[in-house]
Structure formats: C-alpha cells, structure tokens
Amino acid sequence: MKYKLLILFLSVTSIASAQKVFEVTKQPLFRFGIKAGVNANKISGQSYKDGFKYNFQAGVFGQIKLTRKIGLQPEISFVQTQQEFTNDANTIYDDLFLGGDQHKAKLDYLEIPLLLNINLGPTNKVKFQIGPSYGALLKQTIDSVKNNGNLYKNGEFSAISGIWIQLPFVNISARYKVGLSNINAIDDREKWKNQAIQVGVGIAL
C-alpha cells in the first residue's frame, strides 16, 4: 500500500510539474538568445550519394511579439554542411572529377531565416515555426577536383518549418529545411538543392 501511495504521489507531482512548465505566462515584447545544435543535411541531385550527413550549427536569434499568439523570429546562424559525390562514373562531370572516384564537398553558410512563430494550443511555450531563409556561402571545399573554380552558387533561398519548445531557461527546436534554389554553379545539366533536418538547444534571455 505504501508503494502504491508513493507511486501515486510521484505521478501527481510529475503531472503538476509538467503543467507548470507549459502553463501560459506573460511574453515580453522582445527578447534574444543563442542556440546551437546539429545540422543533418544532404544535397539532392544525380551526382550525390543519398543520405544525411551530420554537421554543426550555431547562432543568435530574436523574438518579437506581434499578438498574443503570433510573433516573428529573425536569426543569424553559422551552418556547416557536407556531402559525398557518388562513385558512379556515369553520373559525374568528366571534366571536373577524376575517373568517378568518391569525393567530398564541405560548405559553410551564413544562414538568415525570418520565421513566423504561432503558439499551439492554450500554452505559449510550444510554437509552430515557418518562413523563408537565405544562406550566404562563406566557403566551399571540394576534394580531388581538377577544376579549381567554384562549383556552388554564392547564395540560396530555402523554406523552413518546425517546432520550438520554450522551457524555463532553455529552448528546444526541431526543423526541416528544403532548398528552393539550384546551387549548381557549373551549368544546368543537374539541379542541386540543399535539404536539412536541424535540431538545436538554446538559451533565451
């Protein structure tokens, strides 16, 4: 009986704590914070291997309250991406790569999203996020390429959607980013577009 009472007490305490975490609180008109996490990306296109590669992302964000349920969240983030070219010689540009061997591409972006925050349900702690993003290419590193010219365009537009959970002291986010721009700077034979799953943890001040 004592164990049953203890389990009941712990269950009630846990539910009460969870309700306190997600209870509606007054939101400030503006606040800012920092965040970091994982950027799991891939580049779609015939020349690339399928599957996501795990990389790093970090940046700052601001939150602007527009109404009780809607706000804006501008961000600036440094985002690393990488991908491997396929080892099928038939899908590689012969004038750029050595015999169709495996090569890797590493790209560093300065990513600038402008997201709309929409509160879900009665709480203002869980937000649906959606909006555009622009990525400025800071650096590109390609392994074993005959031509030393740039293979990727200097910028790209993308669309982002996801969930933002605002806990006490910290926040957790999970997003999907789909590229809207063809980043192939060589020609129009293939369209290369970035895709990414971004998971992060941050602190809002």
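Cut-off values and rules
- Residues numbered from 1 in each chain as written.
- Predicted model: local features only at pLDDT ≥ 70, side-chain atom pairs only at ≥ 80, totals over all residues.
- Heavy atoms only, no water.
- Core = buried A, V, L, I, M, F, W, Y, C linked by side-chain atoms within 4.5 Å.
- Buried < 20%, exposed > 50% of the residue type's maximum accessible area, 1.4 Å probe, protein only.
- Helix = DSSP H or I, 4+ residues; strand = E, 2+ residues; numbered from the N terminus.
- Phe/Tyr/Trp six-rings, centres within 6.5 Å; stacked < 30°, edge-to-face > 60°.
- Salt bridge = Lys/Arg side-chain N within 4 Å of Asp/Glu carboxyl O.
- Contact = heavy atoms within 4.5 Å.
- Pairing = 2+ DSSP bridges.
- Axes fitted to C-alpha atoms, helices over the stretch in contact; angles between N-to-C directions.

## Some details on the nonpolar core
Then, number 1: Counting residues in each nonpolar core, the largest one holds 11 residues, listed as Ile43, Tyr48, Phe85, Ala105, Leu107, Tyr109, Leu137, Leu151, Tyr152, Ile183 and Trp192.
Then, number 2: Top element by residues in this core is strand E4 (residues 104-119). It accounts for three residues.

## Looking at the packing of aromatic side chains
Then, number 1: Applying the stated criterion to the full structure yields three aromatic pairs.
Then, number 2: Judged by centre distance (4.9 Å) and plane angle (55 degrees), the rings of tyrosine 134 and phenylalanine 157 are tilted. Separated by 23 residues along the polypeptide, tyrosine 134 in strand E5 (residues 126-142) and phenylalanine 157 in strand E6 (residues 155-166) bring together distant segments of the chain.
Then, number 3: With a centroid separation of 5.5 Å and 45 degrees between ring planes, the pair formed by tyrosine 152 and tryptophan 192 is classed as tilted. On the criterion of sequence distance, the pair formed by tyrosine 152 in the loop between E5 and E6 and tryptophan 192 in the loop between strand E7 (171-179) and strand E8 (193-204) is long-range, its members being 40 residues apart. The burial state of tyrosine 152 is the same as that of tryptophan 192; both residues are buried.

## Observations concerning the pattern of salt bridges
Once their charged atoms are close, side chains differing in charge can pair, the charge on each being opposite to the other.
Then, number 1: Summed over all chains, the structure comprises three salt bridges.
Then, number 2: Between lysine 35 and glutamate 75 there is a salt bridge; the shortest N-O distance is 3.5 Å. Within this pair, whereas lysine 35 is found in strand E1 (residues 30-44), its partner glutamate 75 is found in strand E3 (residues 70-84), the two being separated by 40 residues in sequence.
Then, number 3: Judged by its relative accessible area of 10%, lysine 35 is buried.
Then, number 4: Residue glutamate 75 is classed as buried on the basis of its relative accessible area of 2%.
Then, number 5: As a salt-bridge pair, glutamate 75 and arginine 175 come within 2.5 Å of each other at their nearest N and O atoms. With glutamate 75 in strand E3 and arginine 175 in strand E7, this pair connects stretches of sequence that are 100 residues apart.

## What about the environment of glutamine 63?
Then, number 1: Along the chain, glutamine 63 falls in strand E2 (residues 53-65).
Then, number 2: Looking at glutamine 63, the relative accessible area reads 7%, which means it is buried.
Then, number 3: A C-alpha to C-alpha distance of 6.1 Å links glutamine 63 and phenylalanine 32, two positions 31 residues apart in sequence.
Then, number 4: Contacts of glutamine 63, omitting those with residues within four sequence positions, involve Leu29, Phe30, Arg31, Leu72, Gln73, Asn117, Trp164 and Gln166.

## Some remarks on the environment of phenylalanine 61
Then, number 1: Secondary-structure assignment places phenylalanine 61 in strand E2.
Then, number 2: Expressed as a C-alpha distance, the spacing of phenylalanine 61 and proline 113, which sit 52 residues apart in the sequence, is 9.4 Å.
Then, number 3: Those residues within four positions of phenylalanine 61 in sequence are excluded, and the remaining contacts are Arg31, Phe32, Gly33, Ile34, Lys35, Gln73, Pro74, Glu75, Trp164, Asn171, Ile203 and Ala204.

## Let's talk about the pairing of E6
Then, number 1: Going residue by residue along E6, you find Glu156, Ser158, Ile160, Gly162, Trp164 and Gln166 tucked away on one face and Gly155, Phe157, Ala159, Ser161, Ile163 and Ile165 left uncovered on the opposite face.
Then, number 2: Pairing analysis gives 11 bridges linking E5 to E6, with the strands arranged antiparallel. Bridging across to E6, isoleucine 130 finds its partner in serine 161.
Then, number 3: Pairing between E6 and E7: nine bridges, direction antiparallel. Pairing of serine 161 across the sheet is with tyrosine 176, part of E7.

## Details of the pairing of E4
Then, number 1: Pairing geometry for E3 and E4, over 13 bridges, is antiparallel. Paired with glutamine 82 across the two strands is lysine 106, which belongs to E4.
Then, number 2: Pairing analysis gives 13 bridges linking E4 to E5, with the strands arranged antiparallel. Each bridged residue has a counterpart across the sheet, and for leucine 116 the counterpart in E5 is isoleucine 130.

## Let's talk about the sheet that holds E8
Then, number 1: Around the barrel, which closes on itself, the eight strands sit in the order E1-E2-E3-E4-E5-E6-E7-E8 with antiparallel pairing between neighbours. Strand-to-strand, the axes of this sheet are offset by a mean angle of 25 degrees, without reference to chain direction.

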